[in-house]
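A look at the structure
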Amino acid sequence: QQQVKQSPQSLIVQKGGISIINCAYENTAFDYFPWYQQFPGKGPALLIAIRPDVSEKKEGRFTISFNKSAKQFSLHIMDSQPGDSATYFCAAAGGTSYGKLTFGQGTILTVHP
Amino acid sequence: DGGITQSPKYLFRKEGQNVTLSCEQNLNHDAMYWYRQDPGQGLRLIYYSQIVNDFQKGDIAEGYSVSREKKESFPLTVTSAQKNPTAFYLCASSWGRGPTNEKLFFGSGTQLSVL
């Protein structure tokens, strides 16, 4: 059962452009929504995370937008750079173990110079 | 350096063979996790442990086994019962002490392939 759906599967953006990745969840018990960034051959690393008590969180060029009523959240990467080329995973968790994440399918982002 | 060490980086399994993937952490984290990564499917939770000598099944535990005899170590055995073991296996850890300590730290993974 896929509880977090992520789109698009792949994304190509020009340097300086905006990258947008979307996720939708089903389980209303989820109350923690992180994004992880993964480079080839490496493990994912936490990029940014949000809780449903806020609608937006910004850290540098990365912003999460959260819509609780629609059960959707998205990652915006402003001024995208070639070094941002990686696979991005959204995830969700809730309950007693916040490391027990349910991940989306991943988005392969390519930023052309 | 503090972190999570997974070994080996590449592993090959023969038909009917059990193989064990190693995961060691020196972050003093209570909780440890094993995830399986397949192309286009994201990461799926195999097993997790929130404390020494205790572990719980994740979403895809069939064909796998784990142990947690030490805080620092959480080895994963892929048994012969796992019919499709080819995947990238990721070990992770976290403080596991509540929602304010939920950040997962991942190792660099082990790529398991079937001969």
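Turning our attention to the overall build of chain B. Each helix and strand counted, chain B has zero helices and eleven strands in total. Reading chain B from its N end, one meets helices and strands in the order β-β-β-β-β-β-β-β-β-β-β. For chain B, the C-alpha atoms occupy an extent of roughly 40 × 30 × 25 Å along the three principal directions. Among the 115 residues that make up chain B, the fraction classed as buried is 49%. For chain B, contacts bridging at least 24 residues in sequence account for 54% of all contacts bridging at least 6. Summed over its atoms, the accessible surface of chain B is roughly 5,600 Å², and 47% of this surface lies on carbon and sulfur atoms.

Residue and element names in this part refer to chain A. Counted by the stated rule, this structure contains two disulfides over all chains. Between Cys23 and Cys90 runs a disulfide, and the two sulfur atoms are separated by 1.9 Å. When the S-S torsion is -95 degrees, as for the bridge of Cys23 with Cys90, the disulfide is left-handed. Of the two residues, Cys23 sits in strand E3 (residues 19–25) while Cys90 sits in strand E9 (residues 86–92), which places them 67 residues apart along the sequence. Across the pair, exposure class does not vary: Cys23 and Cys90 are buried alike.

What counts as what
Residues numbered from 1 in each chain as written. Chains lettered and ligands numbered in written order. Predicted model: local features only at pLDDT ≥ 70, side-chain atom pairs only at ≥ 80, totals over all residues. Heavy atoms only, no water. Helix = DSSP H or I, 4+ residues; strand = E, 2+ residues; numbered from the N terminus. Buried < 20%, exposed > 50% of the residue type's maximum accessible area, 1.4 Å probe, protein only. Contact = heavy atoms within 4.5 Å. Areas by Shrake-Rupley, 256 points an atom, 1.4 Å probe, with all protein chains shown as cover. Disulfide = S-S within 2.5 Å.

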